[in-house]
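Residue strings, one per chain:
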Amino acid sequence: MPQPAIAFVTPADAPAWKRWLVYSAGARIVIFIALFIALSFAAGAVLHLLGLGKASPPLERAFGQFVIRALIPLLVYLILVKWIERRRMRELAPATLLPQGLLGAAFGVVLFSIIVGVMYLLGSYQVTGTNPDAAWLPALLVVGLGAGIGEEIMFRGVLFRIVEEGMGTWAALIISALFFGAVHLGNPGATLWSSLAIAIEAGLLFGMLYHVTRSLPLCMGLHAAWNFTQGTIYGIPVSGTDADGWLVSTRSGPDWLSGGVFGAEASVVALALCSLCTLGLLVMALRRGSIVPLRSRR
């Protein structure tokens, strides 16, 4: 995918005040956060008036959460790219959404299935029954697409991309991964270990996947399919959130192997396999010479 390493460059004729208050990395991240908070509150109020609040039926409530989690970040990102950066949005081009999203989803299903397979061979994962009536559509909207679209826009499209433009790839990887792990600290059953595991196995993997491909749909598809496969297919808690899966399962053994109440994401199996994928992407980036250095060294 021959995409430019740097999506946005400050216009040479931009006045000094605009360079700092509009085009700088910090300014664009703050603009995104401010717009996201404002539009989320507005959308929440509208959804409440439409009866799509916490007391609504599960599917309607899931649709409301999908709007907040996925559509609002997408809208704010469009505003950031089109009105602030004023450029073509190659990393999220409409023509790439379906093919690259499905490719990422296939990777996510295969990757997490391998993780579960290894846990099964080690005696940590057992299937005890099936649940054909699992509520898969709300899970797909909220835990799958909602988290996959929204979080990838925020952590890869905004945080990783913009930090990489100013501070280089290494800083972008570390900062975006640490923030990604930190936001999971408030999840049920979360510990410092589980958040560190999320940062390493997912934060670094998604960051390197975006760096190598410059494709948000690939990252979104992988993220959404990872969550959906973990919870709805294999019945494993997703980042501490209870899962209603087609397979009814249990996990046994020490928490470092099973992941404990947080789920398989806190297992060393997931950590090891995802780290191998990240290492492969890193080798690819080094061979291409695509690592972006600090701005002062360019």
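First things first, this report covers the structure right here in the doc. (Residues numbered from 1 in each chain as written. Predicted model: local features only at pLDDT ≥ 70, side-chain atom pairs only at ≥ 80, totals over all residues. Heavy atoms only, no water.)

Side note on the overall build of the protein
Part 1 of the argument: A tally of helices and strands in the protein yields ten helices and two strands.
Part 2 of the argument: Secondary structure elements in the protein, listed N-terminal to C-terminal, are α-α-α-α-β-α-α-α-α-β-α-α.
Part 3 of the argument: Principal axes of the C-alpha set define a box for the protein whose edges measure 65 × 50 × 35 Å.
Part 4 of the argument: Counting every position in the protein, which comprises 298 residues, the buried fraction comes to 48%.
Part 5 of the argument: Within the protein, contacts between residues separated by at least 24 positions form 73% of all contacts whose residues are at least 6 apart in sequence.
Part 6 of the argument: Just so you have it, the protein exposes about 14100 Å², and 73% of that area is on carbon and sulfur atoms.
Part 7 of the argument: Each charge sign in the protein was given a centre, from 20 positive and 14 negative side chains, and these centres are 14 Å apart. (Helix = DSSP H or I, 4+ residues; strand = E, 2+ residues; numbered from the N terminus. Buried < 20%, exposed > 50% of the residue type's maximum accessible area, 1.4 Å probe, protein only. Contact = heavy atoms within 4.5 Å. Areas by Shrake-Rupley, 256 points an atom, 1.4 Å probe, with all protein chains shown as cover. Lys, Arg positive; Asp, Glu negative; His and termini not counted. Charge placed at Lys NZ, Arg CZ, Asp CG, Glu CD.)

Notes on the packing of helix α5 (residues 136-167) against helix α8 (residues 216-233)
Part 1 of the argument: Contact geometry for α5 and α8: axes closest at 8 Å, N-to-C directions at 145°. Crossing of α5 against α8: the hand is right-handed.
Part 2 of the argument: Grouping the amino acids of the contact of α5 with α8 by side-chain chemistry returns 13 nonpolar, six polar and three charged. (Axes fitted to C-alpha atoms, helices over the stretch in contact; angles between N-to-C directions. Left-handed = near helix turned anticlockwise from the far one by under 90°. Nonpolar A, V, L, I, M, F, W, Y, C, P; charged D, E, K, R; others polar.)

Focus on helix α3 (residues 58-85)
Part 1 of the argument: Its 28 residues give α3 an end-to-end C-alpha distance of 38 Å, which sits within 8% of 40 Å, the value for a rise of 1.5 Å per residue.
Part 2 of the argument: At valine 67, α3 shows its largest kink, close to 35°.
Part 3 of the argument: Arginine 86 occupies a position one or two residues after α3 and carries a positive phi of about 50°. (Expected span 1.5 Å × (residues − 1). Bend = angle between axes of the 7 residues up to and from the residue.)

Notes on a nonpolar patch on the surface
Part 1 of the argument: Together, Leu59, Trp136, Leu137 and Trp246 make up a nonpolar patch on the protein surface, roughly 350 Å² of accessible area in all.
Part 2 of the argument: Take tryptophan 136: it is sitting in helix α5.
Part 3 of the argument: For tryptophan 136, a relative accessible area of 40% puts it in the partly exposed group. (Patch = residues over 30% accessible without salt bridge, like charges linked within 9 Å, V, L, I, M, F, W, Y side chains within 5 Å. Salt bridge = Lys/Arg side-chain N within 4 Å of Asp/Glu carboxyl O.)

Some remarks on the pattern of salt bridges
Part 1 of the argument: For the coordinates displayed, the defined rule picks out eight salt bridges.
Part 2 of the argument: The salt bridge partner of glutamate 165 is arginine 28, with a shortest N-O separation of 2.9 Å. Of this pair, glutamate 165 sits in helix α5 while arginine 28 sits in helix α2 (residues 25-49); the two residues are 137 residues apart in sequence, bridging distant segments of the chain. In terms of burial, glutamate 165 and arginine 28 fall into one category: buried.
Part 3 of the argument: Arginine 161 is the salt-bridge partner of glutamate 165, the closest N and O atoms lying 3.0 Å from each other. Note that glutamate 165 and arginine 161 are positioned in helix α5 at a spacing of four residues, about one turn of the helix. Note on accessibility: glutamate 165 and arginine 161 belong to one class, buried.

A few points about the environment of asparagine 227
Part 1 of the argument: Along the polypeptide, asparagine 227 turns up in helix α8.
Part 2 of the argument: Residues asparagine 227 and glutamate 265, 38 residues apart in the sequence, show an inter-C-alpha distance of 9.9 Å.
Part 3 of the argument: Once residues within four sequence positions are removed from consideration, asparagine 227 is found in contact with Val143, Gly144, Ala147, Val238 and Glu265.

Overview of the nonpolar core
Soluble globular proteins: nonpolar side chains tend toward being buried together.
Part 1 of the argument: Phe32, Tyr77, Phe112 and Ile115 are the most contacted members of the largest nonpolar core, which totals 63 residues.
Part 2 of the argument: Counting residues per element, this core draws most heavily on α5, at ten residues.
Part 3 of the argument: Once residues within four sequence positions are removed from consideration, isoleucine 115 is found in contact with Trp226, Val269, Ala270, Leu273 and Cys274. (Core = buried A, V, L, I, M, F, W, Y, C linked by side-chain atoms within 4.5 Å.)

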